[in-house]
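Chain by chain, the residues:
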Amino acid sequence: MRKFLVVLDDSRECLNAMRFAAMRAAHTSAGVEILSIIPPDEFNHWIGVSEVIKEEARERIHAHFEVFAKWMRDRQGIDPELVIREGEPLQEIIAHIETNPDIGVLVLGAGDDRKGPGPLVSQLSRSSGSLPIPITIVPGDLSKEKLEAIT
């Protein structure tokens, strides 16, 4: 089954990316895989502290995932999968895509402020020509109604 890959992070625009992926998956009989990455700066401390920090990060990720997963199941009939990786976000996203042939589209949310679309969108746009799958960039300020209309 083809899957939409969405990156779960603390950004506001992540919400629209999740919505878009779930709605497209529901309309195309696809699945959704949610990838969350624990960056290295969150666990490069002393060994004991490192493990505690990683575990707390995993708990936060699971809590956020459950909110999105419940919405996807209840509203779209999609049961998403969660994958957690540790490392540099850009490298981990690319490695995950390259090792998972079921992933058909990467969905990212773009920020809508003066700072630009966000670091992941900027970085992945530059390397999009060498990725094995297309990227869909969802504007962060699209309304739910507009998302429903375009999916």
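Refer to the structure presented above.
Because the structure is predicted, anything quoted here is derived from the model rather than measured.

**Q** Is there a simple way to think about the side chain of glutamate 92 in this case?
**A** Positionally, glutamate 92 belongs in helix H3 (residues 89-98). The exposure class assigned to glutamate 92 is buried, which follows from its relative accessible area of 16%.

**Q** Just to check I follow, could you spell out the sheet that holds strand E1 (residues 3-7) for this structure?
**A** Strand pairing in a sheet relies on backbone hydrogen bonds, with the paired strands running either antiparallel or parallel. With parallel pairing, the 5 strands of this open sheet are ordered in space as E3-E2-E1-E4-E5. In this open sheet, the two edge strands, each paired with only one partner strand, are strand E3 (81-86) and strand E5 (135-139). Pairwise comparison of adjacent strand axes, ignoring direction, gives a mean angle of 30 degrees for this sheet. Examined bridge by bridge, E1 and strand E4 (residues 103-110) share 4 bridges and lie parallel to one another. The residue bridging valine 6 from the neighbouring strand is valine 107, located in E4. Sheet strands touched by helix H1 (residues 14-28): E1, strand E2 (31-38), E4 and E5. Its angle to E1, the strand with the most contacts, is close to 175 degrees.

**Q** How should unusual backbone geometry be read in this particular structure?
**A** Trans is the common state for peptide bonds, and a negative phi is the common state for residues other than glycine. Of note in the backbone geometry, serine 29 takes a positive phi value of approximately 55 degrees without being a glycine. Its location among the elements puts serine 29 in the loop between H1 and E2.

What counts as what
- Residues numbered from 1 in each chain as written.
- Predicted model: local features only at pLDDT ≥ 70, side-chain atom pairs only at ≥ 80, totals over all residues.
- Heavy atoms only, no water.
- Helix = DSSP H or I, 4+ residues; strand = E, 2+ residues; numbered from the N terminus.
- Buried < 20%, exposed > 50% of the residue type's maximum accessible area, 1.4 Å probe, protein only.
- Pairing = 2+ DSSP bridges.
- Axes fitted to C-alpha atoms, helices over the stretch in contact; angles between N-to-C directions.
- Contact = heavy atoms within 4.5 Å.

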